[in-house]
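If you want the building blocks of each chain, they are given just below.
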Amino acid sequence: MRIVRISPYPQVEIGVSVSEQMEADLKKCYEKSRAGEPGNCGGCSWYAIDIEMNKGTSLCGDAELAGKILGKDKEGVKKMKRFVVSLITGTSEFKFECRKISDAYRAIIEASEVLKVDADLDQAMAALVLIDNGDMLSYEKGRIKIEILDADNV
């Protein structure tokens, strides 16, 4: 087990104890997402591990934590990208911008409940990971649309 430190806010640092199984599960999920396959969140060691800042999603959806475990550059994720999530119904549109996968995923969950839109959450998470990794430019299925803006478009 190792401790991975994240800073959700400038004045806060959190140490997360990550087991070898948790690392393996995250890498497996990442590879499945890159292949366009849905994940199996219910059978994952990360399932339902949550802290208040990520309420509504498992901690594995935190871009900074996942980036450190998978060897990605945290600064590149934070400075260069912004997710734009839209849910559209016949009479309403919900649009949300954020920098973290976990925030985008939480927005999809909350908006789909409020707008009563049926959303495939596994597919949405897979799309978020693919977009974050640069393997997909945007995602649009049913009433959900996910795009990413880079620093030039923000």
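Note: the structure precedes this text.
Just so it is clear, the structure is predicted and the values come from calculations on it, not from any experiment.

Caption draft 1: Here's a closer look at empty space enclosed by the protein. Applying the stated rule across the entire model yields 1 cavity of 30 Å³ or more. Taken as a whole, the largest cavity holds about 50 Å³ of empty space. Around the largest cavity sit Cys 29, Ser 33, Gly 39, Cys 41, Asp 122, Met 125 and Ala 126, which together line it. Secondary structure elements with two or more residues in the lining of the largest cavity: α1 (20–34) and α5 (121–132). Residue classes in the lining of the largest cavity are distributed as 4 nonpolar, 2 polar and 1 charged.

Caption draft 2: Spatial organisation of the pattern of salt bridges. This model, assessed by the stated rule, comprises 5 salt bridges. Shared partners join several salt bridges into a network, and the residues in it are Arg 2, Glu 23 and Lys 27.

Caption draft 3: Local environment of the environment of Cys 41. With respect to the helices, strands and loops of the structure, Cys 41 is situated in the loop between α1 and α2 (63–70). The exposure class assigned to Cys 41 is partly exposed, which follows from its relative accessible area of 34%. Put simply, Cys 41 and Asp 122 are 81 residues apart on the chain and 7.7 Å apart in space, counted from C-alpha to C-alpha. Discounting residues that sit within four places of it in the chain, Cys 41 has contacts with Tyr 47 and Asp 122.

Caption draft 4: Representation of the pairing of strand β2 (residues 12–18) within the structure. The pairing of strand β1 (residues 2–9) with β2 spans 6 bridges and is classified as antiparallel. For Val 4, the partnering residue across the bridge sits in β2 and is Val 16. In this antiparallel pair of consecutive strands, β1 and β2, the connection spans 2 residues.

Caption draft 5: A look at helix α4 (residues 101–114). Along its 14 residues, α4 runs 20 Å from first to last C-alpha, staying within 8% of the 20 Å computed at 1.5 Å per residue. Burial of α4 is extensive: 11 of the 14 residues sit out of reach of the surface. Within the sequence span of α4, burial applies to Ile 101, Ser 102, Asp 103, Ala 104, Tyr 105, Arg 106, Ala 107, Ile 108, Ile 109, Ala 111 and Ser 112. One or two positions beyond α4, positive phi appears at Lys 116, with a value near 55°.

Caption draft 6: Structural detail: unusual backbone geometry. A positive phi is found at Lys 116, a non-glycine position, where the angle reads about 55°. With respect to the helices, strands and loops of the structure, Lys 116 is situated in the loop between α4 and α5. For Lys 116, a relative accessible area of 72% puts it in the exposed group.

Cut-off values and rules
Residues numbered from 1 in each chain as written. Predicted model: local features only at pLDDT ≥ 70, side-chain atom pairs only at ≥ 80, totals over all residues. Heavy atoms only, no water. 1 Å grid on protein atoms, 1.4 Å probe; cavity = no way out; pocket = protein on both sides within 12 Å on 5 of 7 lines; lining within 4 Å. Points joined across faces, edges and corners; volume = space filled by probe spheres on them. Helix = DSSP H or I, 4+ residues; strand = E, 2+ residues; numbered from the N terminus. Nonpolar A, V, L, I, M, F, W, Y, C, P; charged D, E, K, R; others polar. Salt bridge = Lys/Arg side-chain N within 4 Å of Asp/Glu carboxyl O. Buried < 20%, exposed > 50% of the residue type's maximum accessible area, 1.4 Å probe, protein only. Contact = heavy atoms within 4.5 Å. Pairing = 2+ DSSP bridges. Expected span 1.5 Å × (residues − 1).

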